[in-house]
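# Residue-level structural notes
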Amino acid sequence: MRHADIEPTSAAPCRDVSQDRKAPRIFYRLAKARDGADQAEVFHHAVMQGAVGYYEQEAREAWAAVLPRDGSAWVARQALYTTLVATCDGRCVGFLELDLKRTRVESLYVWPSLARRGIGSTLLVHAERLLVEQGADRVAITASLVLADGLENRGWRRVREEWVERGGQRLRRWIMTKSLTAVET
């Protein structure tokens, strides 16, 4: 994947851009088993903190409880989906799970303090490229309210609204699609 020829191996947390005025170095690659624990934390914090303005506390707790906060569960998901990760200082700070056969993005999460900095968009660009290489002409996603507007701004189309129940809570989300076209480079 582009943006990274060499990934740093430091386990230190990603630098805060406000401290040193330099943007953190983000690298993109396929997930490895060692990313599972970080994926669990990214998912949990993206739901519990990143979705604060979109879903009530009880709904976020029910959503976060759907998947265990355990790295081994996320490693198991890596066997089911092509998982792309964004890393900073050697740690996963965002990820996207892609079902190549069904041409759909299963999940997309970014660490809340790094949201709205293009990490999710770049993961989507890599996923779309993989799908185009596989001959796909369309991609789908079931998007939370957190993602829907941003996806729409990136050329995705809302197909229909959907409500899902999680732990007795109803969460609103959108089924969205995007047409894919090969881009000559």
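These numbers were taken from a predicted model, which means no experiment stands behind them.

## Thoughts on helix H5 (residues 119-133)
Here H5 spans 21 Å end to end across 15 residues, near enough to the 21 Å set by a 1.5 Å rise per residue. The complete set of buried residues in H5 reads Ile119, Gly120, Thr122, Leu123, Leu124, His126, Ala127, Glu128, Leu130 and Leu131. Taken from the residues just after H5, Gly135 is the one with a positive phi, measuring 95 degrees.

## Regarding the pairing of strand E4 (residues 104-110)
Across the 7 residues of E4, 6 count as buried, placing the element largely inside the fold. Bridge analysis of strand E3 (residues 91-99) against E4 gives 6 bridges, and the strand direction is antiparallel. Counted as the bridge partner of Asp99 is Arg104 from E4. Between E3 and E4, which pair antiparallel in sequence order, lie 4 residues; one of them, Thr103, sits at a positive phi of approximately 45 degrees. Note that E4 and strand E5 (residues 138-144) share 2 bridges and pair parallel. Bridge pairing in E5 links Val105 to Ile141. Each parallel crossover has a hand, and the one from E4 via H5 to E5 is right-handed.

## So, the packing of helix H2 (residues 36-48) against helix H3 (residues 57-64)
In the contact formed by H2 and H3, the axes pass within 9 Å of each other and the chain directions differ by 165 degrees. Relative to H3, H2 is oriented roughly antiparallel. Remark: the crossing between H2 and H3 carries right-handed chirality. Residues Phe43, His44, Val47 and Met48 of H2 touch H3, and the partners they reach there are Gln57, Arg60, Glu61, Trp63 and Ala64. Across the contact of H2 with H3, the residue classes break down as 5 nonpolar, 2 polar and 2 charged.

## As for the environment of Arg25
With respect to the helices, strands and loops of the structure, Arg25 is situated in the loop between helix H1 (17-20) and strand E1 (26-30). Distance from Arg25 to Gly90, taken between C-alpha atoms, is 10.0 Å for residues 65 residues apart in sequence.

## As for the pairing of E1
Counting buried positions along E1 gives 4 out of 5 residues, so the element sits mostly inside the fold. Pairing geometry for E1 and strand E2 (residues 82-88), over 5 bridges, is antiparallel. Note on E2: the bridge partner recorded for Tyr28 is Ala86.

## Considerations on the nonpolar core
With 48 residues, the main nonpolar core has Trp63, Phe95, Leu96, Tyr109, Ile119, Leu123 and Met176 as its most contacted residues. Ignoring any residue separated from it by four or fewer positions in sequence, one finds Leu123 in contact with Tyr28, Leu84, Val85, Ala86, Gly94, Phe95, Leu96 and Leu108.

## Digging into the packing of aromatic side chains
Per the counting criterion, the structure on display carries 6 aromatic pairs. When the centroid spacing of 5.2 Å and the interplanar angle of 70 degrees are considered together, the rings of Trp74 and Phe95 count as edge-to-face. Of this pair, Trp74 sits in helix H4 (residues 71-80) while Phe95 is found in strand E3, placing the two residues 21 residues apart along the sequence. The exposure class of Trp74 is buried, given its relative accessible area of 1%. What makes Phe95 buried here is its relative accessible area of 0%. Among the aromatic residues, ring-to-ring pairing joins Phe43, Tyr55, Trp63, Trp74, Phe95 and Tyr109 into one connected group. The ring of Trp174 has Arg158 sitting right over it, with the charged end atom 4.9 Å from the ring centre.

The rules behind the values
- Residues numbered from 1 in each chain as written.
- Predicted model: local features only at pLDDT ≥ 70, side-chain atom pairs only at ≥ 80, totals over all residues.
- Heavy atoms only, no water.
- Helix = DSSP H or I, 4+ residues; strand = E, 2+ residues; numbered from the N terminus.
- Expected span 1.5 Å × (residues − 1).
- Buried < 20%, exposed > 50% of the residue type's maximum accessible area, 1.4 Å probe, protein only.
- Pairing = 2+ DSSP bridges.
- Right-handed = clockwise from strand over helix to strand, strands pointing away.
- Axes fitted to C-alpha atoms, helices over the stretch in contact; angles between N-to-C directions.
- Parallel < 35°, antiparallel > 145°, perpendicular 65-115°, else oblique.
- Left-handed = near helix turned anticlockwise from the far one by under 90°.
- Contact = heavy atoms within 4.5 Å.
- Nonpolar A, V, L, I, M, F, W, Y, C, P; charged D, E, K, R; others polar.
- Core = buried A, V, L, I, M, F, W, Y, C linked by side-chain atoms within 4.5 Å.
- Phe/Tyr/Trp six-rings, centres within 6.5 Å; stacked < 30°, edge-to-face > 60°.
- Lys NZ or Arg CZ within 6 Å of the ring centre and 35° of its normal.

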